[in-house]
Amino acid sequence: MSLDLISSSSSSSSSSSPIMSPLLQTPEESTAPSRSGRKLARTTMGLERDKKRLGDVEDRRGDTLVDEIGIVTTAPAPNGVDLVQESVSLIEYVARLGDFRSTQRQECYSLVRRMKSLLPLFDEIRFLGSAIPPNGIASLSKLKKVFCLAKKLLKTCNEGSKIYLALESEAMMVKFHAVHEKLCQALDELPFDEIEVSVEVREQVELMVTQLRRGKRRKDTQDMELAVDLMAVSSKTDERNADIAIIERLAKKLDLNTVENLKKETIAISNVAKERGQTSECIEQIVEILNKFKQVFGMEVIDVFEEPVKPKLLLKSGSLVIPHEFLCPITLEVMRDPVIIASGQTFERESIQKWFDSNHRTCPKTRERLGHLSLAPNHALKNLITQWRETNNYKSPNTEGLASPQGSSVKQEEISSLVEELSSCQLKVQRRAAKDIRMLSKENPESRILFAENGAIPALVQLLMYPDSKIQEHAVTALLNLSINDSNKKLIANEQAIPTIIDVLRNGRMESRENSAAALFSLSMLDENKVTIALSDGIPALVELLEQGTVRGKKDAVTALFNLCLNQANKARAIDAGIVPPLQLLLKDKKLNMVDEALSMFLLLVTHPQGRYEIGQLSFIGTLVDIIKKGTPKNKECAASVLLELSSNNSSHILAALQFGVYEHLVDISETGTNRAQRKARGLLQVMKTSDQLP
């Protein structure tokens, strides 16, 4: 995808309400008689001692992973009451963690929900009429250890580096799987009969264990899209690693599309680096991705390990403490020209204006949609800040150079002049103007809006039809850069640009064709444009580039086709256009390093009946089995997914795979593969069993 792209892209936060349980009563209340009248009293002093011990246990780094699934904890508590109280406290703790990182959010909420569902069990154990037997104590101790492991995992997913958690998503899934297994084992070992738990509670626990063991993970398509973006951005050889559209989409997926969140991420990465070492390959990769996100937002890229643990402006300087109300929520800097927006929140004028200019219509702080975009000066706050500055002799850091990533801004006069030159009668002037717009829209996010407002899009679309190859190249690349802005996507489509871009894709020079494919990918982010591109015969043109293009062209084509085929009707169109043979060639040509992209495409197509018919040929089954045998862990995972989809609809496919010798490799993957690969391999083995095809 074009290297001309280099720039711009809310995070939401939610919180869980604390759970209230009878176990969290006052010491006086907790001495109430049990069912048989026996008291299991604990004094206030005892509770405080236990609470302090629990706090020490929670804060120590000893309660952590020894390896991927092992844990170290303190010695078991001396009695069941202590264990129950500490277990409930751990549940209460994780329930208050609030929001989790997007890449593990579903797993986190599911685990917290499972832990919360155990509160009735602990309530009944707490009010037992007899002493808890030794095997019950051992089981409760084991259960508390699992909760400690769960707390550590959930805390990491709550405050850890978002980039790290995305890159290590498979390893994190292994850890969640370990917690699930250990939780099930601990609950299975509970002596329900001996500790007199009611039938109702026991059935609830057993149902929860059953659901946990067969619980489904995240949707495959979401995982693949995130993986493809991460693979492109973190690659050192893939030319898409600087593609602004991919960088922006990835930043949005990871909730790293605000300055404030990027500053928090910097701190989180610094903490990860302290644990893993600054020179590890993983940390270097994370820092590179972080710096790309920062460049998009025009933030200064500095050594993450030299940045302070807290933003500089929030630190005390002698006796000076900056009032929180004086800081702009976007930049975290002292405001010079505070203004109030429709939500009632106050921001620095320049910062909020940039937010609005980037086509945002929500409040950056509250996320509510705004009724209008008017800015009202906050004179009272401005006077307070001015007085505070004078009293404390405070000087703001130099904020020059924030206008754009390169520290320069584009003047309105320059914008208007360039747009006017696009309609010049001199070819040379038109060519230069198109090139300048291409470069400015690459470097400056604000210019994309200004060029569109000044009529650049219709003029650029007209230039696409010129026979001059250089004008075509500059015009289509300028439209690509302008399309990064979502509003511009609609404007470009409304100008009937898509058929013309497709014509350049068919007949232009190779670089123009590549950038046309990239432009179609960017435009296809809007669902209505997916249909327009397909109806304009864009899919056959992309398939042609997939067959004939350079490595970069093939990657642009397959990325655009993947996005288009998220539309079910477009899957049939891609198959009719002959997409299957070139995809099979991508699987066989290892030098192209596009096996993952091809398999991801096949996994989309195989969900369509026509796709299953075209793909499920004997030679293709052999290729899939070969990848399952010799591919990378990710290759094996995708190949097993495709084979499972094929075999679930036609048992002859699993028979063919068995003839190619897939069985022993599926058994191996079901035990040692990635978490998702294990599930797919077990699914295939189950298909074999139900269709009587097991050897």
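Residues numbered from 1 in each chain as written. Predicted model: local features only at pLDDT ≥ 70, side-chain atom pairs only at ≥ 80, totals over all residues. Heavy atoms only, no water.

For clarity, the cut-off: UniProt positions are given in the numbering used here, feature names are shortened, and annotations may be inferred rather than shown by experiment.
Looking up the chain in an unreviewed UniProt entry gives the name RING-type E3 ubiquitin transferase, with the organism given as Gossypium aridum. According to its UniProt record, the chain has this under Catalytic activity (unreviewed entry): "S-ubiquitinyl-[E2 ubiquitin-conjugating enzyme]-L-cysteine + [acceptor protein]-L-lysine = [E2 ubiquitin-conjugating enzyme]-L-cysteine + N(6)-ubiquitinyl-[acceptor protein]-L-lysine." Of the chain, the UniProt comment under Pathway (unreviewed entry) reads exactly: "Protein modification; protein ubiquitination."

**Here we look at the overall build of the chain**
To keep things clear, this is the line we draw: To qualify as a helix, a DSSP run of H or I must reach at least 4 residues; to qualify as a strand, a run of E must reach at least 2; elements of each kind are numbered from the N terminus. Residue burial is assigned from relative accessible area. The probe radius is 1.4 Å, only protein chains are included, and a residue is buried under 20% of its type maximum, exposed over 50%, and partly exposed in between. Only the protein chains shown count as cover for residues, and the accessible areas themselves come from Shrake-Rupley with a 1.4 Å probe.
Each helix and strand counted, the chain has 34 helices and three strands in total. Within the chain, buried positions represent 53% of all 695 residues. About 31500 Å² of surface is accessible on the chain, with carbon and sulfur atoms providing 50% of the total.

**Quick word on the side chain of Arg438**
Short version of the rule: Here a polar contact is taken to be a pair of N or O atoms separated by no more than 3.5 Å, where protein atoms must pair a possible hydrogen donor with a possible acceptor and residues adjacent in sequence count only if both atoms sit in side chains.
With respect to the helices and strands, Arg438 occurs in helix H16 (residues 427-443). A polar atom in the side chain of Arg438 sits 3.1 Å from the side chain of His474.

**Quick word on the nonpolar core**
Our working rule: Among buried residues, the Ala, Val, Leu, Ile, Met, Phe, Trp, Tyr and Cys ones that are joined through side-chain atoms within 4.5 Å form a nonpolar core. Residues are treated as being in contact if the distance between any of their heavy atoms lies within 4.5 Å.
Residues Leu121, Leu154, Leu187, Phe293, Leu460, Ile579 and Leu583 are the most contacted members of the largest nonpolar core, which totals 167 residues. Ignoring any residue separated from it by four or fewer positions in sequence, one finds Leu121 in contact with Leu187, Leu190, Phe192, Val197, Val201 and Val205. Phe326, Ile330, Trp355 and Leu381 belong to the second largest nonpolar core, which has 19 residues in total.

**Let's talk about helix H24 (residues 538-548)**
Every buried residue of H24 is accounted for by Gly538, Ile539, Ala541, Leu542, Val543, Leu545 and Leu546. Of the surrounding elements, those touching the buried residues of H24 are helix H21 (497-507), helix H22 (510-523), helix H23 (527-535), helix H25 (551-564), helix H26 (568-576) and helix H27 (580-588).

**What about the packing of aromatic side chains?**
How two aromatic rings sit relative to each other is given by the distance of their centres and the angle of their planes. Convention followed: Stacked, edge-to-face and tilted are the three classes for Phe, Tyr and Trp ring pairs, Trp counted by its six-membered ring, which pair at centre distances within 6.5 Å; planes under 30 degrees apart are stacked, over 60 edge-to-face, the rest tilted. Our definition puts a charge over a ring when NZ of Lys or CZ of Arg is within 6 Å of the ring centre and also within 35 degrees of the ring normal.
A full pass over the atoms with the stated rule returns four aromatic pairs. A centroid spacing of 5.6 Å and a plane angle of 75 degrees characterise the contact between Phe326 and Trp388, whose relative ring orientation is edge-to-face. With Phe326 in the loop between helix H12 (281-296) and strand S1 (338-340) and Trp388 in helix H14 (residues 379-392), this pair connects stretches of sequence that are 62 residues apart. Residue Phe326 is classed as buried on the basis of its relative accessible area, which comes to 8%. What makes Trp388 buried here is its relative accessible area of 12%. A cation over a ring is seen here: Lys151 above Tyr93, with NZ or CZ 4.6 Å from the ring centre.

**Quick word on the packing of helix H15 (residues 412-421) against helix H17 (residues 445-453)**
Stated formally: Working convention: axes come from line fits to C-alpha atoms, limited for helices to the stretch in contact. Angles between N-to-C directions cover 0 to 180 degrees. Each angle receives one of four descriptions, namely roughly parallel if under 35 degrees, roughly antiparallel if over 145, roughly perpendicular if within 65 to 115, and oblique otherwise. Two helices crossing with the near one rotated counterclockwise from the far one by less than a right angle form a left-handed crossing, whereas a clockwise rotation gives a right-handed crossing. In this classification, the charged set is Asp, Glu, Lys and Arg, the nonpolar set is Ala, Val, Leu, Ile, Met, Phe, Trp, Tyr, Cys and Pro, and all remaining amino acids, among them Gly, are polar.
The interhelical angle for the contact between H15 and H17, taken along N-to-C directions, is 50 degrees, at an axis separation of 10 Å. By the angle class used here, H15 and H17 are oblique. Once H15 is placed against H17, the crossing between them reads as right-handed. Contacts between H15 and H17 involve Gln412, Ile415, Leu418 and Val419 from the first element and Ser447, Leu450 and Phe451 from the second. A breakdown of the residues in the contact of H15 with H17 according to their chemical character gives five nonpolar, two polar and no charged.

**Quick look at the pattern of salt bridges**
Note the following rule: We count a salt bridge whenever a side-chain nitrogen from Lys or Arg sits within 4 Å of a carboxyl oxygen from Asp or Glu.
Scanning the model with the defined rule gives 18 salt bridges in all. For Asp337, the salt bridge goes to Arg349, with nearest N and O atoms at 2.7 Å. Remark: Arg349 occurs in helix H13 (residues 349-357) and Asp337 occurs in the loop between H12 and S1; sequence separation between them is twelve residues. Judged by relative accessible area, which is 29%, Arg349 ranks as partly exposed. A salt bridge links Lys530 to Asp527, with the nearest nitrogen and oxygen atoms 3.2 Å apart. You can see Lys530 and its partner Asp527 sitting in helix H23, three residues apart, about one turn around the helix. A relative accessible area of 6% means that Lys530 is categorised as buried. Through salt bridges with shared partners, a single ionic network connects Arg438, Lys470, Glu473, Arg509 and Glu511.

**So, helix H34 (residues 675-690)**
Since the α-helix turns once every 3.6 residues, residues separated by three or four places project in the same direction. Which entries qualify depends on this criterion: Multiply 1.5 Å by the residue count of a helix minus one, and that product is the helix's expected span.
Over its 16 residues, H34 runs 23 Å from end to end, which matches the ideal 22 Å to within 8%, given 1.5 Å per residue. Among the residues of H34, those classed as buried are Asn675, Arg676, Ala677, Gln678, Lys680, Ala681, Gly683, Leu684, Leu685, Val687 and Met688.

**Brief notes about the environment of Val146**
Mapped onto the fold, Val146 is located in helix H5 (residues 134-159). With 38 residues separating them along the chain, Val146 and Cys184 place their C-alpha atoms 9.8 Å apart.

**A short note on the sheet that holds S1**
Within a sheet, adjacent strands bond to each other through the backbone by hydrogen bonds, running parallel or antiparallel. Defined as follows: Here a strand pair is declared whenever DSSP counts at least two bridges between the two strands.
An order of S2-S1-S3 is seen for the three strands of this open sheet, with the pairing classed as antiparallel. In the strand order of this sheet, the two ends are held by strand S2 (346-348) and strand S3 (376-377), each with one partner. Of the strands in this sheet, S1, S2 and S3 touch H13, which is tilted by about 95 degrees from S2.

**Focus: the confidence of the model for the chain**
Heads up, the rule is: Each residue carries a pLDDT score, the predictor's own confidence in it, on a scale running from 0 to 100.
Residues with a pLDDT of 70 or more make up 76% of the chain, whose mean pLDDT is 76. Residue range residues 1-78 is modelled with pLDDT below 50. Its contacts to residues more than four positions away, or to other chains, number 174 contacts. Scored below 50 in pLDDT, residues 307-319 makes 19 contacts in the model with residues more than four places away or belonging to other chains.

**Notes on the packing of helix H30 (residues 618-630) against helix H31 (residues 633-649)**
One way to put it is that H30 packs onto H31 with a least axis distance of 8 Å and a crossing angle of 145 degrees. Where H30 crosses over H31, the two elements pack in a sense that is left-handed. Packed against H30, whose contacting residues are Phe620, Ile621, Leu624, Ile627, Ile628, Lys629 and Lys630, the element H31 presents Asn635, Lys636, Ala639, Ala640, Val642, Leu643 and Leu646 at the interface. Partitioned by chemical class, the residues of the contact of H30 with H31 number ten nonpolar, one polar and three charged.

**Considerations on unusual backbone geometry**
Positive phi outside glycine occurs at Gln496, with the angle close to 60 degrees. Considering the arrangement of structural elements, one finds Gln496 in the loop between helix H20 (486-494) and H21.

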